[in-house]
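# A structural walkthrough
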Amino acid sequence: MRNRNQKRKFIRLSYVLLLLGLFPTSTKARPFVLVLSQDDLNIKDPVTDGVSDSDPTDSDFDDFIDSDAKPDYELDPGSWSPIFEPSTNNSPYFNSSSSSPDEDVENNNGENFDLIYYLGVKKMVTAARRGDERGMAEAAMEIETAAAAGHSHSQSVMGFLYGMGIMRERSKAKAFLHHYFAAEGGNMQSKMALAYTYYRQDMHEKAVQLYAELAEIAVNSFLISKDSPVIELVRIHSGAEENKEALRKSRGEEDEDFQILEYQAQKGNAGAMYKIGIFYYFGLRGVRRDHAKALAWFLKAVEKGEPRSMELLGEIYARGAGVERNYTKALEWLTLASKQQLYSAYNGMGYLYVKGYGVEKKNYTKAKEYFEKAAENEEAGGFYNLGVVYLKGIGVKRDLRQACNYFIPAANAGQPKAFYQLAKMFQTGVGFKKNLPMATALYKLVAERGPWSSMSRWALESYLKGDVGKAFLLYSRMAELGYEVAQSNAAWILDKYGENSLCLGESGICRESERHLRSHALWWQASEQGNEHAALLIGDAYYYGRGTERDYDRAAEAYMHAKSQSNAQAMFNLGYMHEHGQGLPFDLHLAKRYYDQALEIDPAAKLPVTLALASLWLRKNYANSFMVEFIDSLPELYPKMEAWVEDMIMEEGNATILTLFACLLTVLYLRERQRRHAVVAGGGMAPQQPFEQAVLAGR
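Structural notes, computed from the coordinates. (Residues numbered from 1 in each chain as written. Predicted model: local features only at pLDDT ≥ 70, side-chain atom pairs only at ≥ 80, totals over all residues. Heavy atoms only, no water.)

The next point concerns the overall build of the protein. Each helix and strand counted, the protein has 33 helices and six strands in total. By the burial criterion, 50% of the 699 residues in the protein qualify as buried. Working note: accessible area of the protein is about 33,800 Å², and carbon and sulfur atoms make up 52% of it. (Helix = DSSP H or I, 4+ residues; strand = E, 2+ residues; numbered from the N terminus. Buried < 20%, exposed > 50% of the residue type's maximum accessible area, 1.4 Å probe, protein only. Areas by Shrake-Rupley, 256 points an atom, 1.4 Å probe, with all protein chains shown as cover.)

Okay, here's the thing in structure tokens:
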């Protein structure tokens, strides 16, 4: 009866998925919003849709994926982690005699291309840090030698260099070819770059295949019971200014808050021990991942009676993260955690019974009971796991509608595995009508949480240390893979730091024109992915002719793009362009409509909108008056006023004199005010000043 009521409850859902957990807001990209209706369902029969009750393993869908704690260089072959995290790696880079599992690293002449590749990348990163043109050219030459011999990871880097125009003439065609062959050779980052290229061109049939493969790798790294925290890419800017608060919280072990927490943990605070363990296990707030340290802190916390650490210990033993995998111990810790009302632990216990790990044999009935306990307590993982049970028909009759009903609340709660399963359903047309654009977008969300996202952590560390050139190189690499935050960060570094960004172009340090073109391209890519601030900057660049020729038509196009994301500033700008017939038809009615919309979206725009509406009224009723001519002259007058203020008032000597004069007047005023108050307080009358005496004498 309870299941029937629960089913009715889920069927009444409006199928609105707000996937808010993966993207930040405000001056950042808009949240990914997916709206589904009954029309999107592709279920003829309310129960099975004609699907036979075959063995679960016969389905085209993955069931409960084995979760592994493999290092980045295994999940992401060619990863730069051996360079940035050498202490946590045991890759071929450190052992030239070992070989990659996918290819022979040595050719007939005994050349070790893995070693050549890593040494070349290390030299490239060092050159970017210093703005060393010669070093970058040498690195590119070495990597190109390995790429010409068919080394896939080197081909991937050459694709990046050609795509960005670093010590090579920028060529999208050569970049695509290098990434294509690198992807064929198994390089995951090139697969991300290709998928993003196809995605931008609406080639969803090709994009969805690559993103599906990449998303599966990402899912394999997720936890079995507790949801992995979403490690957001840190946006180093907020609009035009540096995002100081976000950067302060990302300093890792150097952060004052972390040091205070560590001190509390060392003094025996169990809660602090657990939090320190979490930071090390997931690599949160700029802390380097260290499973050994995480394990040590969790064990100490358990000794102090901290129940949340029990669940994480169960995860660690189930995944073999920093210890030898032991499913029996995993089940013991998860069971202890569940008894402490940590309901997400039931997901891990159910997982072990489904797989038959750490127990006598598989038990689907018991697994389902554990998943239901998690779901009853609003655990997203419980909804997801029940969705898989009904999707696969594991211990129950296969029911696609019920599977959808479970996946949707899981996705609403930000469960990335649910996004993955929904993407599969949209891709194959099972449960939902086939929708490749939707499948591609969902897969992309999951794929971007894969091991290649580690570059964001290294880029942020470099930026915080003042290595702007290195940070720019890493953000540029991630931008090529389709990360919107990386695109906007790289563009902002170019605009903010100019020559000090150490941007390397086709033949050396980027010229101003190269920086503007690259910044423009990065902002445009970010705007395509919902970054309204980026679209606004593109519009401003065309409107004012910053780094490009002035083009009102293209400015209007960019502002329209930002306006589609409900940006008040873009609406105001469109109203102004309609008012003056710049890039848009002269239309006072449309101008007023855009001004009104800007005020609706942002009440803080009341003053500029009021002034703009007053201008419209004057233009409509006194078209050829002096006031209209004066208003139209303001855009030309403003730069002259700005230059006058900068040249005259802000000139160092003049500014000093004016400041001293203002201070003198302030002191005289305050002393006079104090004297008058003292006289009044004494019951007397303030003595008359000479000017007052003269006035009285004249009477």
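Before going further, it helps to spend a moment on the environment of Ala301. Within the secondary structure, Ala301 sits in helix H13 (residues 291–303). A residue is classified by how much of its surface remains accessible, and Ala301, at 0% relative accessible area, is buried. As for Ala301 and Ala270, which are separated by 31 residues in sequence, their C-alpha atoms are 4.9 Å apart. Setting aside chain neighbours within four positions, we find Ala301 in contact with Ala270, Met273, Tyr274, Glu306 and Ser309. (Contact = heavy atoms within 4.5 Å.)

Below, the discussion takes up the packing of aromatic side chains. If you walk through the whole model with that rule in mind, you get 25 aromatic pairs. Look at Tyr117 and Tyr118: their rings are 4.9 Å apart centre to centre, the planes differ by 65°, and that puts the pair in the edge-to-face class. Tyr118 matches Tyr117 in its accessibility class, with the two residues each being buried. Consider the rings of Tyr343 and Tyr346, whose centres lie 6.5 Å apart with planes at 20°: the pair is stacked. Following the ring pairs from residue to residue traces out a cluster consisting of Phe176, Tyr180, Phe181 and Tyr198. When the ring centre of Trp297 is taken as origin, the NZ or CZ atom of Lys300, which lies over that ring, is 4.6 Å away. (Phe/Tyr/Trp six-rings, centres within 6.5 Å; stacked < 30°, edge-to-face > 60°. Lys NZ or Arg CZ within 6 Å of the ring centre and 35° of its normal.)

Among the structural elements, Met560 can be located in helix H27 (residues 552–563). By relative accessible area, which is 34% here, Met560 ends up partly exposed. Measuring from C-alpha to C-alpha, the distance between Met560 and Leu574 comes to 7.5 Å, with 14 residues separating the pair along the chain.

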